[in-house]
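Understanding the architecture of this molecule
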Amino acid sequence: MAGEKKEALLEIRDLKVNYKVYKGTLKVLNGVELRVGKGERIGLVGESGSGKTTTLKSILRILPYNASIEDGRILYKGIDLLRADERVLNEVRRREIAMIFQDPMAALNPVFKVRDQLYDIIKESARGKLAKEEIEEIAYRLLKEVRLPDVERVMDSYPFQLSGGMRQRVVIAMALASARELLLADEPTTNLDVTIQDQILRLLADLTMKRNLSVILVSHALGMVRKMTDRTYVMYAGDIVEEGDSGEIFENPLHPYTQLLVETAPKLTGNWNPRGVPGRIPDYLNPPPGCRFHTRCPFAEQICREKKPPMIAVEGGKRVRCWLYYKR
Ligand code: SF4
């Protein structure tokens, strides 16, 4: 329920992540703070390249080889996942937290049929304690739940024999087989037809609600994020710049970046700016000091160029990282 503070399931504190590249070090995450309550649905929005996927991958510790976690904590049920050993991490990945990626093919093995891949995940998640008939029954039920027609045919198909929408439904079924607590959905509809996108997001909303699963949904479909989530975090260039109830964030955005993001978002009327927020995300090799948004912000003052603003609590339970709201 929006506005109500739920018991924390996951807390990200001061997370800093860099990437080593040929030219130097990209300082991408700049101290991310994010909290997910039990059964709570969180939206994470911002332009491409703002660090949303890096944040999700940090939770499962599946960052690419050139990434390094410089600082921070990711507390999951009180355990710091950044310092947990492989045994604990594998247990969490198999049974508690699952991630759905933009491209369903990234999660599916092209050389195995859906049946084999789904059976493996169900078996692993149950620590091998299920009989074959039980695994089969769960697999059928999951594919029915994600509303796939002709389950028998899907089971016997290789991923390439299915449409994009069907593949993403299979991936959702797999994620549900292992996510007992938290689902990380990283733009799960980006590569799908517009008509299918809405169906998939609604399906995710239904299924996670029924299971009382916590969710972090990364999506550019701001209208769906508003409908589907309790609270939203807005991310800009590796910083959380605003957080609050989803309805409030989109109806009454406070941070200048959120205001531009909402103003330029695609609307049903077609009355939107296809070029998005004017300007570009800064270069992470040499990010601007102070507020990272100051190079694009119409309200920037001297202090914005020098000091990073703190997160400031404002009315309505919202928090915003902007000097305009600092009481001097
Ligand atoms: Fe703009 Fe300054 Fe606020 Fe940053 S801190 S968003 S530059 S007004």
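Residues numbered from 1 in each chain as written. Predicted model: local features only at pLDDT ≥ 70, side-chain atom pairs only at ≥ 80, totals over all residues. Heavy atoms only, no water.

Concerning empty space enclosed by the protein
Worth spelling out the cut-off: Only protein atoms enter the 1 Å grid used here, on which a cavity is any set of points holding a 1.4 Å probe that cannot leave and a pocket is any open set flanked by protein within 12 Å on both sides along at least five of seven lines; residues with an atom within 4 Å of a point are listed as lining. Grid points are joined across faces, edges and corners, and a volume is the space filled by probe spheres set on the points. Note that Gly is not counted as nonpolar here; it falls among the polar residues with everything else outside the nonpolar set of Ala, Val, Leu, Ile, Met, Phe, Trp, Tyr, Cys and Pro and the charged set of Asp, Glu, Lys and Arg.
Counted by the stated rule, this structure contains 1 cavity of 30 Å³ or more. Taken as a whole, the largest cavity encloses approximately 90 Å³ of empty space. Lining the largest cavity are His255, Pro256, Cys291, Phe293, Cys297, Phe299, Ala300, Cys304, Pro309, Cys322, Trp323 and Leu324. For the lining of the largest cavity, the class distribution of residues is 11 nonpolar, 1 polar and no charged.

Thoughts on the site of the ligand
Counted only if it meets this: The rule for a residue being near a molecule or strand is that one of its heavy atoms must lie within 4 Å of it. Criterion for pocket placement: a molecule counts as inside a cavity or pocket if more than half of its atoms are within 2 Å of its grid points.
Every one of the 13 residues lining the ligand counts as a neighbour, but Cys291, Cys297, Cys304, Cys322 and Trp323 are closest to it. According to the grid-proximity analysis, the pocket containing the ligand is the largest cavity. In the shell around the ligand, the residues fall into 11 nonpolar, 2 polar and no charged.

Considering the environment of Asn90
Operational definition: Helix numbering and strand numbering both begin at the N terminus, where a helix is a DSSP run of H or I of at least 4 residues and a strand a DSSP run of E of at least 2. Each residue is assigned to one of three classes by its accessible area relative to the maximum for its type, calculated with a 1.4 Å probe on protein chains only: buried under 20%, partly exposed between the two thresholds, exposed over 50%. Whenever a nitrogen or oxygen atom comes within 3.5 Å of another N or O atom, the pair is scored as a polar contact, on the condition that within protein one atom can donate a hydrogen and the other can accept it, and that pairs from neighbouring residues in sequence are kept only if both atoms are in side chains.
Considering the arrangement of structural elements, one finds Asn90 in helix H2 (residues 86-95). For Asn90, a relative accessible area of 28% corresponds to the partly exposed category. With 57 residues separating them along the chain, Asn90 and Glu33 place their C-alpha atoms 24 Å apart. Side-chain polar atoms of Asn90 contact the side chain of Arg93, separated by 2.9 Å.

Looking at the packing of helix H7 (residues 164-178) against helix H8 (residues 194-210)
Selection criterion: All axes here are fitted lines through C-alpha atoms, helices being fitted over the stretch that makes contact, and every angle between N-to-C directions spans 0 to 180 degrees. What sets the label is the angle itself: under 35 degrees gives roughly parallel, over 145 gives roughly antiparallel, 65 to 115 gives roughly perpendicular, and the rest give oblique. Each helix crossing is assigned a hand: it is left-handed if the near helix lies turned anticlockwise from the far helix by less than a right angle, otherwise right-handed if that turn is clockwise. Here, two residues are considered to be in contact whenever any of their heavy atoms come within 4.5 Å of each other.
Remark: H7 packs on H8, axes separated minimally by 11 Å, with the N-to-C direction vectors making an angle of 15°. In terms of orientation, H7 and H8 fall into the roughly parallel class. Both H7 and H8 take part in a crossing whose hand is right-handed. Residues Gly165, Gln168, Arg169, Ile172 and Leu176 of H7 lie in contact with H8, whose contacting residues are Ile196, Gln199, Ile200, Leu203, Leu204 and Leu207. Of the residues in the contact of H7 with H8, the class split is 7 nonpolar, 3 polar and 1 charged.

Looking at the pairing of strand S9 (residues 231-236)
Note the following rule: Following DSSP output, two strands are said to pair if at least two bridges run between them.
Within S9, 6 of the 6 residues are buried, which leaves the element mostly enclosed by the surrounding structure. Here S9 shows two buried faces, one formed by Arg231, Tyr233 and Met235 and the other by Thr232, Val234 and Tyr236. Bridge count between strand S3 (residues 41-45) and S9: 4 bridges; the pairing is parallel. Counterpart to Val45 in the pairing with S9 is Val234. Note that S9 and strand S10 (residues 239-245) share 6 bridges and pair antiparallel. Each bridged residue has a counterpart across the sheet, and for Val234 the counterpart in S10 is Glu242. Where S9 hands over to S10, the hairpin turn is made up of 2 residues, of which Ala237 adopts a positive phi near 45°.

Quick notes on the packing of aromatic side chains
Where we set the bar: Each Phe, Tyr or Trp ring, with Trp reduced to its six-membered ring, pairs with another whose centre is within 6.5 Å; inter-plane angles below 30 degrees give stacked pairs, above 60 give edge-to-face pairs, and intermediate values give tilted ones.
The full count for this structure, using the stated rule, is 5 aromatic pairs. Considering the side-chain rings of Tyr236 and Tyr257, the 4.7 Å spacing of their centres and the 55° angle between planes classify their relative orientation as tilted. Of this pair, Tyr236 sits in strand S9 while Tyr257 sits in helix H11 (residues 256-263), and the two are 21 residues apart along the sequence. Judged by its relative accessible area of 1%, Tyr236 is buried. On the basis of relative accessibility, which here comes to 0%, the residue Tyr257 falls in the buried class. A ring pair is formed by Tyr257 and Phe293, whose centres lie 5.3 Å apart and whose planes are at 65°; its orientation type is edge-to-face. Taken together, the residues span a long stretch of sequence, with Tyr257 in helix H11 and Phe293 in the loop between H11 and helix H12 (302-306) at a distance of 36 residues. For the pair formed by Tyr257 and Phe293, the shared burial category is buried. Taken together, the ring pairs in this structure connect Tyr236, Tyr257 and Phe293 into an aromatic cluster.

Here's the deal with helix H1 (residues 52-60)
Extensive coverage of H1 is indicated by the burial of 7 of its 9 residues. All buried positions along H1 are accounted for by Lys52, Thr54, Thr55, Leu56, Ser58, Ile59 and Leu60. Once H1 ends, the next one or two residues include Arg61, with phi positive near 55°.

Examining the sheet that holds strand S7 (residues 182-186)
Across the sheet, 8 strands lie side by side as S6-S7-S8-S3-S9-S10-S12-S11; this open sheet has mixed pairing. Where the open sheet ends on each side, the last strands, each with one partner, are strand S6 (97-100) and strand S11 (312-313). In this sheet, strand S12 (residues 319-320) lies alongside S11 in antiparallel orientation, the contact comprising 2 bridges. Paired with Ile312 across the strands is Val320, a residue of S12. Docked against the sheet, H1 engages S3, S6, S7, strand S8 (214-218) and S9, running at close to 150° with respect to S7. In this fold H7 packs onto S6 and S7, with an angle of close to 170° to the strand it touches most, S6.

By themselves these figures say nothing about function.
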